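Coordinates in review
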2 protein chains.
Amino acid sequence: MMERVLIIGTGLIGASTGLALRAAGFGGRIDGWDQSLLELRAALEMGAVDGVAGNQWGALELARQADVIVLAVPVLAIKDWMQQLAAATGPGQLITDVGSTKLEITELACSLFGSENQAAFLAGHPMAGKESGGALLAEASLFQGAMWLFTPASQTPTEMEKEWRSWVGFFGTRTLDMDPKRHDEMCAWVSHLPQMLSTALAALLEEKFGDAPEIAAIGGRALRETTRLGASPYSMWRDVAMTNTAPIAETLLALEQRLGHVRENLRTPELRDEFALANQFRVRR
Amino acid sequence: MMERVLIIGTGLIGASTGLALRAAGFGGRIDGWDQSLLELRAALEMGAVDGVAGNQWGALELARQADVIVLAVPVLAIKDWMQQLAAATGPGQLITDVGSTKLEITELACSLFGSENQAAFLAGHPMAGKESGGALLAEASLFQGAMWLFTPASQTPTEMEKEWRSWVGFFGTRTLDMDPKRHDEMCAWVSHLPQMLSTALAALLEEKFGDAPEIAAIGGRALRETTRLGASPYSMWRDVAMTNTAPIAETLLALEQRLGHVRENLRTPELRDEFALANQFRVRR
């Protein structure tokens, strides 16, 4: 039975996980830790966690007593925590994460967890978020209707893993198990490429126009939507770029070539074919 | 006094213009014409127009009696109508348009309209729309809060032009006068580039994944927003691409290079600078 949860990283996703557990009826204790005291205090005040660790060593101490430890920090920090938790945890416990890339994490999990005298590890990725982070934006309903992906390292789930999966289901999510390599490739196309694209477009416009009032005057929904993700924080995306470099580079190159194709065909019937393909993509959605 | 209006092209923008005139209290007659009988009938049934022309010649006949003629068709069709209307109209009348590019239209207007024995022409561009067109999506409130740009060819507005500008103000729009060349360059950045980008991304994903269920499962708001414009119809954008080719090509090339820069710096601190610029752009919005 899951009775104690520790959330490491009480930003948007971590704090929302605490709130969602409460909203779903979890009656046990939830502790939290974040290296930002502001995030940690905000999570405590909004009831996303019941108590907090005083420092990183306190968090490791709480980890020893937790049934489930949720790693809700950027990917490279998740890998650091996995190393530290490997020595501080044992059988019966479950460590899970919400990192945006899964191959490096799942490979590391195979080497650190899952044997008989070790804690279990379940790599996860809720497809939810906002363009800005932070506990203040956390919501119990953040995961409602969203997809929560898992890239399990082993075929046989522990009891605690089964229970965690149930709680995630109670959040109102749908879940899907995927191969971690396939996960990272697919996410490069549907998530990382839109992010890099939006960042590049917003950066280009900022460099070209700065605070020219006409941009605000003329730009409508099209501009707003295609640059919205430009507000996303580097702190999180640095780790995504670091741990999924080749797949992201492949998608960027493909889009560069595609834009070149459009550019060279602005006055030819090829442009019609491009619109027809794009229309077809949208009809399916 | 504006008493008779003729709307040529009763799709989304044309029909919305009729509805907005009515909602703003216009008590005169509104006639309509569209080469699609379906669009024309829909506009009539929803009260966007009071009457319709039976064919193109009937529309020209109605044009002779109209105080204001609104051209709400794609840009190349606007230019065709301008040629036909030059012979059918005269002093006191105003022809205005809602085309997405303004340089070619404004240049043509200078040669066809505006002298003492000719009708006046006011080139306009409401920055409003939806990703799909058609009269069925028309709304009286479509222009509320939106920007309606004008690229006037002459410095001295006629009485009818002043009255049309008032009605546009009654729609709840803000208006701005711009140089037509500057208009087309700015619109290339804030409207045409987002459109081509969204089309290219959606076409790329359609070609690569077709109906793979995982795209639907994993893709979230980021994918939805960056590909939304992929649903836009070629019929309208062909004319934009044809009449604003060089500015659009310039923006596409700049974005291709920018994406290449991101691709080459996925693991370097340059990526941080790119996110910082993009963050700054969004903070201003």
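Look up a bit, the structure's there.
Let me begin by describing the structure that accompanies this report. Everything quoted here is computed from the prediction, not taken from an experiment. (Residues numbered from 1 in each chain as written. Chains lettered and ligands numbered in written order. Predicted model: local features only at pLDDT ≥ 70, side-chain atom pairs only at ≥ 80, totals over all residues. Heavy atoms only, no water.)

Moving on to the pattern of salt bridges. Residues and elements named next belong to chain B. Counted under the stated rule, the structure contains 32 salt bridges over all chains. Of the charged contacts, one joins Asp97 and Lys102 as a salt bridge, the two residues approaching to 2.8 Å between their closest N and O atoms. When the shortest N-O distance is used, the salt bridge between Arg221 and Glu225 registers 3.0 Å. Of this pair, Arg221 and Glu225 are both found in helix α9 (residues 221-227), 4 residues apart, which corresponds to roughly one turn of the helix. Arg221 sits in the partly exposed class, given a relative accessible area of 40%. (Salt bridge = Lys/Arg side-chain N within 4 Å of Asp/Glu carboxyl O. Helix = DSSP H or I, 4+ residues; strand = E, 2+ residues; numbered from the N terminus. Buried < 20%, exposed > 50% of the residue type's maximum accessible area, 1.4 Å probe, protein only.)

All names here are of chain B. Across the sheet, 8 strands lie side by side as β3-β2-β1-β4-β5-β6-β7-β8; this open sheet has mixed pairing. The open sheet is flanked by β3 (51-52) and β8 (174-177), the only strands paired with a single partner. Bridge analysis of strand β1 (residues 4-8) against strand β2 (residues 29-33) gives 5 bridges, and the strand direction is parallel. When the sheet's bridge partners are listed, Arg4 is paired in β2 with Arg29. (Pairing = 2+ DSSP bridges.)

Listed by partner, the interface residues are 82 residues for chain B and 81 residues for chain A. Between chain B and chain A the total buried area reaches about 8400 Å² when both faces are included, carbon and sulfur atoms providing 70% of it. Looking at the side of chain B facing chain A, the largest losses of area belong to B:Ile218, B:Tyr234 and B:Phe275, adding up to 9% of the total buried there. On inspection of chain B and its partner chain A, the count reaches 6 salt bridges. Inspection of the region where chain B meets chain A yields 24 residue pairs in polar contact (both at pLDDT 80 or more). With 21 residues, the top contributor of residues to the side of chain B that touches chain A is helix α7 (residues 180-209) of chain B. Looking at side-chain class alone, the side of chain B that touches chain A contains 48 nonpolar, 13 polar and 21 charged residues. (Contact = heavy atoms within 4.5 Å. Buried area = accessible area lost by both parts, 1.4 Å probe. Polar contact = N/O pair within 3.5 Å; in protein donor to acceptor, adjacent residues only side chain to side chain. Nonpolar A, V, L, I, M, F, W, Y, C, P; charged D, E, K, R; others polar.)

Residues and elements named next belong to chain A. Spatially, β3-β2-β1-β4-β5-β6-β7-β8 is the arrangement adopted by the 8 strands of the open sheet, whose pairing is mixed. Whereas interior strands pair on both sides, the edge strands pair on one side only; in this sheet they are β3 (51-52) and β8 (174-177). Of the strands in this sheet, β1 (4-8), β2 (29-33), β4 (68-71), β5 (94-97) and β6 (120-126) are in contact with helix α4 (residues 75-88), which crosses β4 at around 155 degrees. (Axes fitted to C-alpha atoms, helices over the stretch in contact; angles between N-to-C directions.)

For the rest of this paragraph, the subject is helix α5 (residues 103-112) of chain A. One turn of an α-helix holds 3.6 residues; hence residues three or four places apart share an orientation. All names here are of chain A. Among all positions of α5, only Ile105, Thr106, Leu108, Ala109 and Leu112 are buried. Mapping the buried residues of α5 onto a view down its axis gives an arc of 165 degrees, with all of them on the same face. Every exposed residue of α5 that faces more than 90 degrees away from the buried side is listed here: Glu107 and Ser111. If you follow the buried residues of α5, they end up packed against α4, β5, β6 and α7 (180-209). At the C-terminal side of α5, Gly114 shows a positive phi close to 100 degrees. (Arc of directions from axis to C-beta.)

Okay, the relation of the copies chain B and chain A next. Of the transformation placing chain B onto chain A, the axial shift is 0.0 Å and the rotation is 180 degrees, giving an RMSD of 0.0 Å. As the rotation angle and translation indicate, the two copies are arranged about a two-fold axis. In this assembly the copies share their binding face: 99% of the residues contributing to the interface of chain B also contribute to that of chain A. (Least-squares fit on C-alpha atoms with pLDDT ≥ 70 in both.)

We now examine the packing of aromatic side chains. The tally for this structure, following the rule as stated, stands at 18 aromatic pairs over all chains. Aromatic pair A:Phe143 and A:Phe171: ring centres 5.9 Å apart, planes at 25 degrees, arrangement stacked. Placement of A:Phe143 in the loop between β6 and β7 (147-150) and of A:Phe171 in the loop between α6 (159-170) and β8 is noted, with a sequence separation of 28 residues between them. Both residues of the pair, A:Phe143 and A:Phe171, count as buried. Ring centres 5.6 Å apart and planes at 25 degrees place the aromatic pair B:Phe113 and B:Phe121 in the stacked group. The exposure classification of B:Phe113 matches that of B:Phe121, with both residues buried. Clustering of aromatic rings is evident, with ring pairs tying together A:Phe143, A:Trp148, A:Trp164 and A:Phe171. (Phe/Tyr/Trp six-rings, centres within 6.5 Å; stacked < 30°, edge-to-face > 60°.)

The next thing to look at is the environment of A:Met46. All names here are of chain A. Residue placement: Met46 occurs in the loop between α2 (37-45) and β3. The exposure class assigned to Met46 is partly exposed, which follows from its relative accessible area of 28%. Considered as a pair, Met46 and Ala138 are 92 residues apart in the sequence and their alpha carbons are 9.0 Å apart. Filtering out sequence-adjacent residues up to four positions away, Met46 remains in contact with Leu19, Ala135, Leu136 and Ala138.

Right, let's get into helix α3 (residues 56-65) of chain A. Residue and element names in this part refer to chain A. When α3 is considered as a whole, its buried residues turn out to be Ala59, Leu60, Leu62 and Ala63. Considered in projection along α3, the buried side chains sweep an arc of 160 degrees and stay on one side of the axis. For α3, the elements touching its buried residues are β1, β2, β3, β4 and α4. Its side-chain oxygen at 3.0 Å from the backbone nitrogen of Trp57, Asn55 defines the N-terminal cap of α3.

Within the largest apolar cluster, 78 residues are counted, with the highest numbers of intra-cluster contacts made by A:Met196, A:Ile218, A:Leu255, B:Met196, B:Ile218 and B:Leu255. Ignoring sequence-local partners within four residues, the contact set of A:Ile218 consists of B:Met127, B:Leu149, B:Met178, B:Met186, B:Cys187 and B:Val190. (Core = buried A, V, L, I, M, F, W, Y, C linked by side-chain atoms within 4.5 Å.)

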